[in-house]
Amino acid sequence: MSRNVLKENVQKFALNQALKYLEKNPEENIPKLMEMVDKFFPDTWYTAQRNAIRNAIEAKNNWYQLILRLYELDPEVRKAFFRNFIFNASLKGTALQNDNAEKYNCNIPWAILLDPTSACNLHCTGCWAAEYGNRLNLSLETIDSIVRQGKELGTYMYIYTGGEPMVRKKDLIQICKMHPDCEFLAFTNGTLIDEEFCEEMLQVKNFVPAISLEGFETANDGRRGNGVYQKVRHAMELLKEHKLPFGISTCYTSKNMEDISSQAYYDMIIEAGALFVWFFHYMPVGNDASVELLPTPVQREEMYHRIRAFRQTKPIFAMDFQNDGQYVGGCIAGGRRYLHINAKGAVEPCVFIHYSNVNIHDCTLLEALKSPIFQAYHDNQPFNENHLRPCPMLENPDRLEKMVHETGAVNTDYQSMESVEHLCEKCVPYAENWKPVAEKIWNGQEH
């Protein structure tokens, strides 16, 4: 038996034993959890992660409270989450990804983002999806093929973007049934979540919505339309009533930054039942994108400090995808941790960077990962030693422009093709203004 197979079997046994133990009496047994883990895992395995969990449990802090919140979920959904997310995606999957990355000399992603459709049921300001309609869709067979190929490489986490993924409700549920060993998450506006869909989520157990929320009612509906905020609140009520996991996705801009980084906002989404919140920095992608919505350096620095402060006090998992580069070694795109496949099939290094050499209808997933633009990411990451400046577009625009030209990648925007020069030109002033602030923060903290 190989060391990897032995390790996987030990991990699976330890996880199953721990879950059975915790289900009996979570509040009483959680403090004893790490004693059990230590019996099954050698001292050198996942030391930092185990210590962090141990410290949270001993301190009974906000992270301990978050663990307890997981035990408010439907038991079968919770078990599927632990099995698919913790074991398949994060333990077994990561080991397989690393082996294949070395074998094929390319990045292998932890997660694959894909757009089931370009269609959307809303008409949000600054978004073209509703106008462009339902002309572009990845077929059920194509999505199934992507997942099957991904699992062979070690990828068990799949995230739907769009358009509005929930326009394809039936197919999303069908894919969950076809791949019960994977975890599926969807970025959604939340307005199509109803009682029937909650019942279907309970049946498949491996689907998690991340609901877009731009702030409180005025800020949210100002962009998404009157009444959307209340529909989102109703969706969250339904999910909580059915004991289903969900989170919040928020894009922060110069206009809504105060709303979405406030204590009131955190308290509202936690009370509503959200287990995680993902913050995304506004990106000026597209010929008509407004650079005025880019946060100022002062605002971005404030986001950096506020999110870290709330991590010490609030029972919710929060991640800031532009300011948390230090935890993941910089840019995670280009297959290093994730890639994106749009509704037309173009395989892109990033959900925000629409340049590609290949289409999934014409090549395998592995061939896409070895395509020129992906190899350029592989060979050049990290793009900056200061991981508060991780992106080859937003903070290092010269790097993206160079890679696109050298690899011959073409723009894959559905509606209005944007040259890489036009895109990067918009980012140059932002990058220059953010650099001294990022250097100050980076040089003043421990790494």
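Anything mentioned here points back to the structure above.
Keep in mind that what you see is a predicted model, and the values were worked out from it rather than measured. (Residues numbered from 1 in each chain as written. Predicted model: local features only at pLDDT ≥ 70, side-chain atom pairs only at ≥ 80, totals over all residues. Heavy atoms only, no water.)

Caption draft 1: Structural context of the packing of aromatic side chains. On inspection of all chains with the given rule, the structure shows 16 aromatic pairs. Between Phe85 and Trp110, the ring centres sit 5.7 Å apart and the planes meet at 85°, which makes this aromatic pair edge-to-face. Taken together, the positions of Phe85 in helix H6 (residues 75–104) and Trp110 in the loop between H6 and strand S1 (111–114) put the pair 25 residues apart, joining distant regions of the chain. Of the residues examined, Phe85 reaches a relative accessible area of 25% and is grouped as partly exposed. Among the aromatic side chains, those forming a connected cluster through ring pairs are Phe187, Phe276, Trp278, Phe280 and Phe321. Sitting above the plane of the Tyr64 ring, Lys60 keeps its charged end 5.1 Å from the centroid. (Phe/Tyr/Trp six-rings, centres within 6.5 Å; stacked < 30°, edge-to-face > 60°. Helix = DSSP H or I, 4+ residues; strand = E, 2+ residues; numbered from the N terminus. Buried < 20%, exposed > 50% of the residue type's maximum accessible area, 1.4 Å probe, protein only. Lys NZ or Arg CZ within 6 Å of the ring centre and 35° of its normal.)

Caption draft 2: Here's a closer look at the side chain of Arg69. By the element assignment, Arg69 lies in helix H5 (residues 62–70). No salt bridge is formed by the buried Arg69, whose closest oppositely charged neighbour, Glu72, lies at an N-O distance of 4.8 Å. For Arg69, the side chain forms a polar contact with the main-chain oxygen of Ile270, separated by 3.4 Å. Looking at Arg69, its side chain comes within polar contact range of the main-chain oxygen of Gly273, at 3.4 Å. Residues in contact with Arg69, not counting those within four places in the same chain, are Ile270, Gly273, Ala274, Leu275, Pro315 and Ile316. (Lys, Arg positive; Asp, Glu negative; His and termini not counted. Salt bridge = Lys/Arg side-chain N within 4 Å of Asp/Glu carboxyl O. Polar contact = N/O pair within 3.5 Å; in protein donor to acceptor, adjacent residues only side chain to side chain. Contact = heavy atoms within 4.5 Å.)

Caption draft 3: A look at the pattern of salt bridges. Here the structure, examined in full by the defined rule, presents 18 salt bridges. Two residues, Lys151 and Asp181, come together in a salt bridge whose shortest N-O distance is 3.1 Å. Here Asp181 lies in the loop between helix H9 (169–178) and strand S3 (183–188) and Lys151 lies in helix H8 (residues 140–153), a separation of 30 residues in the sequence. Lys169 is the partner of Asp194 in a salt bridge, and the nearest nitrogen-oxygen pair spans 3.3 Å. Of this pair, Asp194 sits in the loop between S3 and helix H10 (195–204) while Lys169 sits in helix H9; the two residues are 25 residues apart in sequence, bridging distant segments of the chain. Judged by its relative accessible area of 30%, Asp194 is partly exposed. Several salt bridges converge on common partners, so that one network encompasses Glu258, Glu302 and Arg306.

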